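Spelled out from the first residue to the last, the chains are:
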Amino acid sequence: MTDVTGASADVLHTLFHSDQGGHEQVVLCQDRASGLKAVIAIHSTALGPALGGTRFYPYATEAAAVADALNLARGMSYKNAMAGLDHGGGKAVIIGDPERDKTEELLLAYGRMVASLGGRYVTACDVGTYVADMDVVARECRWTTGRSPENGGAGDSSVLTAFGVYQGMRASAQHLWGDPSLRGRKVGIAGVGKVGHHLVKHLREEGAEVVVTDVRTDAVQRILEQYPAGVTAVADTEALIRVEGLDIYAPCALGGALNDGSVPVLTAKVVCGAANNQLAHPGVEKDLADRGILYAPDYVVNAGGVIQVADELHGFDFDRCKAKAAKIFDTTLAIFARAKEDGIPPAAAADRIAEQRMAEARGSHAAL
């Protein structure tokens, strides 16, 4: 079923009626000359201009692209709130294969679309987009972060994303085992691309044993060559989640990694990874808790990257950003404590804290 625009009625129901909706604005963008088809979703500007990356991905349908943009934008509202940033949540998706369809003309057209929003949405890198792409987008749009240092930007945000996930792992270890050290722990990482390979470095430097997998065999090979000791590989994620003796599972690829198929067979005691929207549907967080698996909410531990790009708007300072990202350790512990106090899963506790901050901001706006 579709509406008069051809958009899926399910998507429209999500936008206007479901608990997962509540978005302020959704913009469908098209530039026929360059082939651009994009969706920009702004979930909330209660805390400030919406901030979130641009995903370039070959979605099966336009409806799937809209649904992904909605989910990702909502997640950014919660992420930015938990990271203590004065930004709301937004996300953009460009429909297409970045290896085949990405051109300078398309990126410039996209930049003009973002600029037309007048600063309500600030963009950055995400899956399928890189620093060089943001440099092109910035030529048409000053509300662009994740640019190269040569162009006044902060560079690759995956460095601090990985650092934040590492801090989330340390907090999880502290909560579960009474010691933040990861030395001797076995950590499985699904996806060793932009973020995952930095995460491997942190873990190996501390003495953790690492098991990796990735759909790209060259990414796995690069890791194995870089770390000839202490790192092994398995064929796929299905094998990784079943690895015997796994202490921590880190989903670092696309969303939906925690679902009705994966949760019952997980061997890890902790899930803490960089991927967005890891919970495939509501209720998965309870399934994890029922199995005694500690879940570090994804949008809390993977906030290092957005902390970095937000700082770029004010004159980037890496040390200042890293110090702020290090606080993910304390934030994660506070969420675990709130979850225990309220008798709810950590994901629900994080949502409550984030929603409280956004509600307080909306209340202060209404009082003006």
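The shown structure was predicted, so the numbers you read here are calculated from the model rather than taken from an experiment.

1. Some remarks on the overall build of the protein
Helix and strand content of the protein: 15 helices and 12 strands. Rg of the C-alpha trace for the protein: 20 Å, near the compact-globule value of 21 Å for 368 residues, within the 12% margin. In terms of overall dimensions, the protein has a C-alpha envelope of 55 × 50 × 45 Å along the principal axes. Classification of the 368 residues of the protein by burial places 53% in the buried group. Here the contacts in the protein between residues at least 6 apart in sequence split such that 65% fall between residues at least 24 apart. Looking at charge distribution, the protein has the averaged site of its 35 positive side-chain charges lying 3 Å from that of its 45 negative ones.

2. Quick look at the environment of Gly-292
Note that Gly-292 resides in the loop between helix 10 (284–290) and strand 12 (294–295). In this structure, the C-alpha to C-alpha distance between Gly-292 and Ala-268, residues 24 residues apart in sequence, is 9.8 Å.

3. Focus: the sheet that holds strand 8 (residues 209–213)
The strand order across the open sheet formed by six strands is 9-8-7-10-11-12, and the pairing between neighbours is parallel. Every other strand in the sheet has two partners, leaving strand 9 (231–233) and strand 12 as the edge strands with one partner each. Two elements, strand 10 (residues 248–251) and strand 11 (residues 270–271), share two bridges in a ladder whose sense is parallel. The residue of strand 11 that forms the bridge with Ile-248 is Val-270.

4. Topic: the packing of helix 6 (residues 158–177) against helix 13 (residues 318–326)
At their nearest, the axes of helix 6 and helix 13 sit 9 Å apart, and the two run at 30 degrees to each other. Our classification of the angle between helix 6 and helix 13 gives roughly parallel. Taken as a pair, helix 6 and helix 13 cross one another with a handedness that is right-handed. Contacts from Val-159, Leu-160, Phe-163, Gly-164 and Gln-167 in helix 6 reach Phe-318, Cys-321, Lys-322, Ala-325 and Ala-326 in helix 13. Taken together, the residues of the contact of helix 6 with helix 13 break down into seven nonpolar, two polar and one charged.

5. Description of a nonpolar patch on the surface
Taken together, the side chains of Tyr-57, Val-127 and Leu-254 present a nonpolar region at the surface, about 210 Å² in accessible area. Tracing the chain through its elements places Leu-254 in the loop between strand 10 and strand 11.

6. Notes on the pairing of strand 2 (residues 36–44)
In terms of residue burial, strand 2 counts as a mostly covered element, since eight of its nine residues are buried. Where strand 1 (residues 25–31) lies against strand 2, seven bridges are found, and the strand directions are antiparallel. Among the inter-strand pairings, Cys-29 is bridged to a residue of strand 2, identified as Ala-38. Between strand 1 and strand 2, which follow one another and run antiparallel, lie four residues, and Gly-35 among them has a positive phi close to 90 degrees. In this sheet, strand 5 (residues 88–95) lies alongside strand 2 in antiparallel orientation, the contact comprising six bridges.

7. Re the environment of Arg-147
Of note, Arg-147 is situated in the loop between helix 5 (131–137) and helix 6. Separated by 197 residues in the primary sequence, Arg-147 and Ile-344 place their C-alpha atoms 40 Å from one another. If we ignore the near neighbours within four places in the chain, the residues touching Arg-147 are Val-131, Met-134, Asp-135, Ala-138, Gly-152, Gly-153, Ala-154, Gly-155 and Glu-312. In this structure the side chain of Arg-147 is engaged in a polar contact, spanning 3.1 Å, whose partner is the backbone oxygen of Thr-144. Among the polar contacts made by the side chain of Arg-147, one reaches the side chain of Glu-312 at a distance of 2.9 Å.

8. Comments concerning the pattern of salt bridges
Taken as a whole, this structure holds 20 salt bridges when the rule is applied. Two residues, Arg-216 and Asp-218, come together in a salt bridge whose shortest N-O distance is 3.0 Å. Taking the shortest distance from any N to any O, the salt bridge between Glu-238 and Arg-242 comes out at 3.0 Å. On the basis of relative accessibility, which here comes to 42%, the residue Arg-242 falls in the partly exposed class. Several salt bridges share partner residues, and in doing so they unite Arg-55, Asp-68, Lys-91 and Asp-126 into one network.

9. A closer look at the nonpolar core
Note that soluble globular proteins tend to have their nonpolar side chains buried in a common cluster. One finds Tyr-110, Met-169, Ile-189, Leu-199 and Leu-203 to be the most contacted residues of the largest nonpolar core, which totals 71 residues. Considering every element that reaches this core, the biggest residue donor is helix 6, with seven residues. Once you skip the residues sitting within four places of it in the chain, Met-169 turns out to touch Leu-182, Val-187, Leu-199, Leu-203, Ile-248, Ala-250 and Cys-272. With 18 residues, the next largest nonpolar core counts Ala-190, Leu-240, Val-271 and Leu-288 among its residues.

10. Quick look at the packing of helix 12 (residues 304–312) against helix 13
The contact between helix 12 and helix 13 brings their axes to 9 Å, and the two run at 145 degrees. Helix-helix and strand crossings are classified by hand; for helix 12 and helix 13 the assignment is right-handed. Along the contact surface, helix 12 presents Gly-304, Ile-307, Gln-308 and Asp-311, while helix 13 presents Arg-320, Cys-321, Lys-324 and Ala-325. Of the residues that constitute the contact of helix 12 with helix 13, the class distribution is three nonpolar, two polar and three charged.

11. With respect to the environment of Leu-108
Tracing the chain through its elements places Leu-108 in helix 4 (residues 104–115). With relative accessibility at 13%, the residue Leu-108 sits in the buried group. C-alpha of Leu-108 to C-alpha of Ala-138: the two residues are 30 residues apart in sequence and 8.2 Å apart in space. The residues contacting Leu-108, other than those within four sequence positions of it, are Val-136, Arg-139 and Glu-140.

Calculation rules
Note that residues are indexed from 1 along each chain, following the sequence as it is written. Where local features are concerned, this predicted model is filtered to residues with pLDDT of at least 70; where side-chain atom pairs are given and counted, the filter is 80 or more; whole-chain, interface and lining totals use all residues. Side-chain figures throughout are based on the complete set of non-hydrogen atoms in the structure, without hydrogens or water. Elements are defined by DSSP. Helices are runs of H or I of four residues or more, strands are runs of E of two residues or more, and each kind is numbered from the N terminus. For the radius of gyration, the atoms used are the C-alpha atoms, and the globule rule reads 2.2 Å times the number of residues raised to 0.38. Classification of residues uses two cut-offs on accessible area relative to the type maximum, computed with a 1.4 Å probe and protein chains only: under 20% is buried, over 50% is exposed, and between them is partly exposed. Here, residues are in contact when the closest pair of their heavy atoms is within 4.5 Å. Positive residues here are Lys and Arg, negative ones are Asp and Glu, while His and the chain termini are left out of the count. Charge coordinates come from a single atom per side chain, which is NZ of Lys, CZ of Arg, CG of Asp or CD of Glu. Note on pairing: two strands pair once DSSP finds at least 2 bridges between them. Here, axes are lines fitted to C-alpha atoms. For helices the fit covers the stretch in contact, and angles between N-to-C directions go from 0 to 180 degrees. By the definition adopted for this analysis, an angle is roughly parallel if under 35 degrees, roughly antiparallel if over 145, roughly perpendicular if from 65 to 115, and oblique otherwise. By convention the crossing between two helices is left-handed if the near helix lies anticlockwise of the far one by an angle smaller than a right angle, and right-handed if it lies clockwise. All residues other than Ala, Val, Leu, Ile, Met, Phe, Trp, Tyr, Cys, Pro, Asp, Glu, Lys and Arg, Gly among them, are scored as polar; the first ten of these are nonpolar and the last four charged. Within this analysis, patches are made of residues with over 30% relative accessible area and no salt bridge. Like charges are joined at 9 Å or less; nonpolar side chains (Val, Leu, Ile, Met, Phe, Trp, Tyr) at 5 Å or less. For accessible areas, the Shrake-Rupley method is used with a probe of radius 1.4 Å. Any residue's cover is judged against the shown protein chains and nothing else. The salt bridge definition used is simple: a Lys or Arg side-chain nitrogen within 4 Å of an Asp or Glu carboxyl oxygen. Side-chain atoms alone can form a polar contact between residues adjacent in sequence; in general such a contact is a pair of N or O atoms within 3.5 Å, and within protein one must be able to donate a hydrogen while the other accepts it. What makes a nonpolar core is a set of buried Ala, Val, Leu, Ile, Met, Phe, Trp, Tyr and Cys residues whose side-chain atoms join them at distances within 4.5 Å.

Interpretation in functional terms is not warranted from these geometric data alone.
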